[in-house]
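Structural description and commentary
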Amino acid sequence: MGIIRALTGAAATAAAVALAIGAAPAHAANSYVALGDSYSSGTGTRTYISDGTSCQRSVYAYPSLIAANKGLTLNFRACSGATVADVTNTQLGALSATTTHVSISVGGNDAGFADVLTECAQPAWMSDCNGAIDDAQYVINNVLPARLSTLYSSIRSKAPNARVTVVGYPRIFNGEDCNAATWFSPTEESRLNATADLLNSRTATQASNKGFSFANPTSAFIGHAVCDSPEWLNGLSSPISESYHPNVTGHSSGYAPVVTPKLVGTTFTASSATLSRAAASADSLAEQQRSYAAVDASITPKEFVAPDLSSARARAAAKAAGVDLRSRASIDAADRAWSKRQAQEWAGRH
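Residues numbered from 1 in each chain as written. Predicted model: local features only at pLDDT ≥ 70, side-chain atom pairs only at ≥ 80, totals over all residues. Heavy atoms only, no water.

Quick notes on the packing of aromatic side chains
Using the criterion set out here, one finds nine aromatic pairs in the structure. With a centroid separation of 4.7 Å and an interplanar angle of 45°, the aromatic rings of Phe173 and Phe184 are classed as tilted. Here the residue Phe173 occupies a position in the loop between strand S4 (163-167) and helix H9 (186-209), and Phe184 occupies one in the loop between S4 and H9, the gap between them amounting to 11 residues. Phe184 gets classed as buried once you look at its relative accessible area, which sits at 5%. In this structure an aromatic cluster arises from ring pairing among Tyr62, Phe221, Trp232 and Tyr255. The ring of Tyr292 carries Arg77 above its face, with NZ or CZ at 3.9 Å from the centroid. (Phe/Tyr/Trp six-rings, centres within 6.5 Å; stacked < 30°, edge-to-face > 60°. Helix = DSSP H or I, 4+ residues; strand = E, 2+ residues; numbered from the N terminus. Buried < 20%, exposed > 50% of the residue type's maximum accessible area, 1.4 Å probe, protein only. Lys NZ or Arg CZ within 6 Å of the ring centre and 35° of its normal.)

What about the side chain of Gln137?
Turning to its location among the elements, Gln137 is positioned in helix H7 (residues 129-142). Overall, the relative accessible area of 19% leaves Gln137 in the buried class. With near-sequence residues (within four places) excluded, Gln137 lies in contact with Arg191, Thr195 and Leu198. (Contact = heavy atoms within 4.5 Å.)

A word on the sheet that holds strand S1 (residues 31-36)
Within a beta sheet, neighbouring strands are joined by backbone hydrogen bonds and run either parallel or antiparallel to one another. Across the sheet, which stays open at both edges, the five strands sit in the order S2-S1-S3-S4-S5 with parallel pairing between neighbours. Both outer strands of the open sheet, strand S2 (73-76) and strand S5 (213-215), are each paired with one neighbouring strand and no more. The mean inter-strand angle of the sheet, taken between neighbouring strand axes irrespective of direction, is 20°. As paired strands, S1 and strand S3 (residues 101-105) are joined by five bridges and run parallel to one another. Directly across from Leu35, in S3, lies its bridge partner Ile104. (Pairing = 2+ DSSP bridges. Axes fitted to C-alpha atoms, helices over the stretch in contact; angles between N-to-C directions.)

Structural notes on the packing of helix H4 (residues 62-70) against helix H12 (residues 272-280)
What describes two packed helices is the angle between their axes and the distance between those same axes. Here H4 crosses H12 at 110°, and the two axes come no closer than 8 Å. Taken as axis vectors, H4 and H12 run roughly perpendicular relative to one another. Between H4 and H12 lies a crossing of right-handed hand. Mapping the contact onto sequence places Ser64, Leu65, Ala68 and Asn69 in H4 and Thr274, Leu275, Arg277 and Ala278 in H12. Tallied by class, the residues present in the contact of H4 with H12 amount to four nonpolar, three polar and one charged. (Parallel < 35°, antiparallel > 145°, perpendicular 65-115°, else oblique. Left-handed = near helix turned anticlockwise from the far one by under 90°. Nonpolar A, V, L, I, M, F, W, Y, C, P; charged D, E, K, R; others polar.)

What about the pairing of S1?
Among the six residues that make up S1, six are buried, leaving the element largely enclosed by the rest of the structure. Burial along S1 is two-sided: Ser31, Val33 and Leu35 facing one way and Tyr32, Ala34 and Gly36 facing the other are all buried. Sheet analysis places S1 next to S2, joined by four bridges and oriented parallel. Bridging from a neighbouring strand, Ala34 pairs with Phe76 of S2.

Looking at the state of the cysteines
A full pass over the atoms with the stated rule returns three disulfides. Sulfur-sulfur distance for the disulfide between Cys120 and Cys129 comes to 2.0 Å. Its S-S torsion of approximately 90° makes the covalent link between Cys120 and Cys129 right-handed. Under the relative-accessibility criterion, Cys129 is labelled buried at 1%. (Disulfide = S-S within 2.5 Å.)

Some details on the pattern of salt bridges
Going through the model one piece at a time under the given rule, you end up with nine salt bridges. For Asp110, the salt bridge is made with Arg147, and the minimal N-O distance between the two is 2.8 Å. You can see Asp110 sitting in the loop between S3 and helix H6 (113-120) and its partner Arg147 sitting in helix H8 (residues 144-158), a full 37 residues away along the chain. For Arg147, a relative accessible area of 37% translates into the label partly exposed. Note that Arg191 and Asp134 form a salt bridge whose closest N and O atoms lie 2.8 Å from each other. (Salt bridge = Lys/Arg side-chain N within 4 Å of Asp/Glu carboxyl O.)

Points about the nonpolar core
With 80 residues, the main nonpolar core has Tyr32, Leu35, Leu117, Leu151, Ile155 and Leu192 as its most contacted residues. Looking at this core, the element that brings in the most residues is helix H11 (residues 248-264), giving six residues. If sequence neighbours within four positions are ignored, Leu117 has contacts with Ile172, Phe173, Phe184, Leu192, Tyr244 and Phe304. Within the second largest apolar cluster, nine residues are counted, among which are Trp125, Ala314, Ala317 and Val323. (Core = buried A, V, L, I, M, F, W, Y, C linked by side-chain atoms within 4.5 Å.)

Considerations on the environment of Glu303
With respect to the secondary-structure elements, Glu303 resides in the loop between helix H14 (293-296) and helix H15 (312-321). With relative accessibility at 38%, the residue Glu303 sits in the partly exposed group.

Okay, structure coming up:
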């Protein structure tokens, strides 16, 4: 808000209105605007700037690390929960003809991925994981491409001189579930990973159509999925919002080295100096993003919900399946049987 205080009269009013609708002040050289959702904001790193929002922006997210490493002036608009519509309505005002670099990850929330994970994490006798994945894939194949095409056209229109990099999503799972409070089967994990691949494929096509580069993190995260050692992606976590997102190492060793060559044309190597510079930017980033807090408030966080076997739904499903909720052995045995049946049914339809 220091910009507003430095102005008087009509100029102050005009600046206040511009910031309220998401427009940005004049950009410096090497102006980098980071757009998108939780995978760009840094959800999962457990350290967030105090900007008065629920966006969970982290200095350890790849946009902040790249800016610190390459000397870019960052406007950090990415926000946890953002859909294509949210990016359009709340983030594009940060772009201008003087913007030199843009990164964006978006689409996972349009496909309802948090809800899909919530469904699939439950024991198979009380969930419809295949149905949830089918619905997400329908959106990815039939709805999302047009949304992305329109969004990318808007980005190019508002930032005609920028180098734009579209960023994809990693595969979350490695085929096992080491978290005691979730019940992802190997087949479900395989389908969820395939859905991430599908999302990347459709997103990459739309990016290419607009002349944008695509940064695919899939290979970088192989061997570092949930339950791998070391994990670069959080499994079931506390607080719950940290679950199934890249951690600090996932951003510094996974995302940043993949995105940087596409975005600026040079390589990235995590260093203590870069991490220190990124951490030192927390106050300035927080002050900058507080100017956008009113528009950011319109974005609804999308969070995974852990299985609750004490719920009415669980009790009803357990009764129908003959599951004794007092016995973990009974819960798990029924889960294995139902998972096998559901996998066979899905395979029979494809």
